[in-house]
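Chains, contacts and geometry: an overview
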Amino acid sequence: MTRKTVRIAMNGVTGRMGYRQHLVRSILSLREQGGLDLGDGTVLWPEPVLVGRREHALRAIAEQHGLEHWSTDLDAVLADPSIEIYFDSQVTSAREEAVKQAIAAGKHIYCEKPTSTSVAGAVELARLATEAGVKHGVVQDKLFLPGLQKLRRLVEGGFFGQILSVRGEFGYWVFEGDWQSAQRPSWNYRAEDGGGIVADMFPHWDYVLHELFGRVRSVQALTATHIPQRWDEQGKPYDATADDAAYGIFELEGGAVAQINSSWAVRVNRDELVEFQVDGTHGSAVAGLRKCRVQHRSATPKPVWNPDLPATETFRDQWQEVPDNADFDNGFKAQWELFLRHVVLDEPWQWDLLAGARGVQLAELGLKSSAEGRRFDVPELSL
Ligand SMILES: NC(=O)c1ccc[n+]([C@@H]2O[C@H](COP(=O)([O-])OP(=O)(O)OC[C@H]3O[C@@H](n4cnc5c(N)ncnc54)[C@H](O)[C@@H]3O)[C@@H](O)[C@H]2O)c1
């Protein structure tokens, strides 16, 4: 086997996503398995160069994982011709500028969503990257979750007949930070810092709906800031200026209607932190992060509404588990592998910066819909 090294500047690896999902569960995990086997006698060996603002934090991560390269000087890293890929999982508000810089330096781009805090900025990134001829990609990890992969299998296998509706429930209680520390960073709750659940989750809902059920044609949303005061990482109170819940309705190409609740102020009474129920003429499914259950029309009970009598059936027991029938790897890692193959082997790739811009567009229109109390069409974006 020949080993081909690909050097990746990773900016934002001290953060939740950058460290756990991208560095440890994706890049380091690829190294633990001996690199990415390209199938032609070559193994691709990802070599991360950790980039960030705090030297001690970068050094600590590097030492913990036996990594040699880190830097607080983004300009110098981007000027290094041996680095081919720039990856960004910084706070959202810092992304656009850094990605622009990396495009100008001729690096291939891979980054977290949302790609920018505005549609104009997100489309501009897609245009610049395309014009520069670099490869570009955006994290769309939910597509690679076992539960949604099984759902995709059902859609593609024609299980549902005509799909009528999709109902999504996402959320959990994020502690305010006073008597128990918050489990999400405080910038998520400040609009001025790029926070808000719409900016965070609508980009996910855009690609999930688009890829599984059809392009989103219109959006109507009502957002709320249910918890107006929170406590930050230093235990200081601050005003939550961003939305912490969004109740959205999405019309899809092909006629299905999707309705998705997203909330950081909800207590979980579900099997998983996100679940989608899909109802079709021939069958229904409920898919979560890992599991997926179905009910075919032939096994559908015929309940009769009578509030005078207790329920005689346990409806949830009437569903059938969809088997894995495959090994599912970590979703972030699975997408990294495809991106690396796209960069090195020029294999097909659809989750580019324009796809990322669609997610930002849905978030922007969702917020506008809530502010103005109107439903908005979602126009097709182009460069
Ligand atoms: N794909 C997903 O499922 C998913 C999930 C959560 C977050 N995200 C995205 O990942 C990105 C990072 O989110 P996170 O939860 O890891 O955030 P985080 O606060 O844990 O990490 C943020 C990172 O950005 C760096 N940073 C750079 N400039 C900064 C500044 N001015 N202020 C604060 N930090 C700064 C921090 O040092 C840190 O490395 C966000 O864009 C978010 O939307 C994606």
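The following paragraphs examine the structure supplied in this document. (Residues numbered from 1 in each chain as written. Predicted model: local features only at pLDDT ≥ 70, side-chain atom pairs only at ≥ 80, totals over all residues. Heavy atoms only, no water.)

**Describing the overall build of the protein chain**
The helix and strand inventory of the protein chain stands at 9 helices and 18 strands. Its C-alpha atoms give the protein chain a radius of gyration of 22 Å, within 12% of the compact-globule value 21 Å for 383 residues. Here the protein chain holds 383 residues, and 54% of them are scored as buried. Across the protein chain, contacts joining residues at least 24 apart in sequence account for 70% of those joining residues at least 6 apart. Of the roughly 17,900 Å² of accessible surface on the protein chain, 49% is carried by carbon and sulfur atoms. The positive charge centre, built from 41 side chains, and the negative charge centre, built from 53, are 2 Å apart in the protein chain. (Helix = DSSP H or I, 4+ residues; strand = E, 2+ residues; numbered from the N terminus. Rg over C-alpha atoms; globule rule 2.2 N^0.38 Å. Buried < 20%, exposed > 50% of the residue type's maximum accessible area, 1.4 Å probe, protein only. Contact = heavy atoms within 4.5 Å. Areas by Shrake-Rupley, 256 points an atom, 1.4 Å probe, with all protein chains shown as cover. Lys, Arg positive; Asp, Glu negative; His and termini not counted. Charge placed at Lys NZ, Arg CZ, Asp CG, Glu CD.)

**Here we look at the packing of aromatic side chains**
One pass over the structure, following the stated rule, counts 15 aromatic pairs. Between Phe170 and Trp205, the aromatic rings sit 5.7 Å apart at their centres with planes inclined by 70 degrees, giving edge-to-face as the arrangement. Of the two residues, Phe170 sits in strand β8 (residues 163-171) while Trp205 sits in helix α7 (residues 197-212), which places them 35 residues apart along the sequence. As far as burial versus exposure is concerned, Phe170 and Trp205 are alike and both buried. Measuring from ring centre to ring centre gives 5.2 Å for Phe339 and Trp349, while their planes differ by 65 degrees; the resulting arrangement is edge-to-face. Here Phe339, found in helix α8 (residues 331-345), pairs with Trp349, found in the loop between α8 and α9 (353-372); they are 10 residues apart in sequence, far enough to count as distant. For the pair shown, Phe339 and Trp349 are each scored as buried. Aromatic ring contacts, followed pair by pair, group Phe87, Tyr110, Phe144, Trp336, Phe339, Trp349 and Trp351 into a single cluster. The ring of Trp45 has Arg3 sitting right over it, with the charged end atom 3.8 Å from the ring centre. Just above the ring of Trp173 sits the side chain of Arg267; from NZ or CZ to the centre is 3.9 Å. (Phe/Tyr/Trp six-rings, centres within 6.5 Å; stacked < 30°, edge-to-face > 60°. Lys NZ or Arg CZ within 6 Å of the ring centre and 35° of its normal.)

**As for the side chain of Glu47**
Relative to the helices and strands, Glu47 is located in strand β3 (residues 42-51). Side-chain polar atoms of Glu47 contact the side chain of Arg31, separated by 3.5 Å. Dropping the residues within four chain positions of it, Glu47 is found in contact with Thr5, Val6, Arg7, Ile8, Arg31 and His69. (Polar contact = N/O pair within 3.5 Å; in protein donor to acceptor, adjacent residues only side chain to side chain.)

**Quick notes on the site of the ligand**
Around the ligand sit 23 residues, and of these Thr14, Arg16, Thr92, Asp141 and Trp187 come closest. Take Arg53: an N or O atom from its side chain is 3.1 Å from an oxygen atom of the ligand. Separating an oxygen atom of the ligand from a side-chain N or O atom of Lys142 is a distance of 3.0 Å. Its free accessible area being 850 Å², the ligand has 82% of it covered by the protein chains. When contributions to the shell around the ligand are tallied by element, the ones reaching two or more residues are α1 (16-32), α4 (92-104) and α7. Looking at the shell around the ligand residue by residue, the classes come out as 7 nonpolar, 7 polar and 9 charged. (Near = heavy atom within 4 Å. Nonpolar A, V, L, I, M, F, W, Y, C, P; charged D, E, K, R; others polar.)

**Concerning the pattern of salt bridges**
With the rule as written, the count across this model stands at 26 salt bridges. For the salt bridge of Asp324 with Lys150, the shortest nitrogen-to-oxygen distance reads 2.7 Å. Of this pair, Asp324 sits in the loop between β17 (320-321) and α8 while Lys150 sits in helix α6 (residues 146-156), placing them 174 residues apart in sequence. A relative accessible area of 40% means that Asp324 is categorised as partly exposed. Among the salt bridges present, the one from Arg358 reaches Asp206, with a minimum N-O distance of 3.8 Å. You can see Arg358 sitting in helix α9 and its partner Asp206 sitting in helix α7, a full 152 residues away along the chain. Classification of Arg358 as partly exposed rests on a relative accessible area of 25%. (Salt bridge = Lys/Arg side-chain N within 4 Å of Asp/Glu carboxyl O.)

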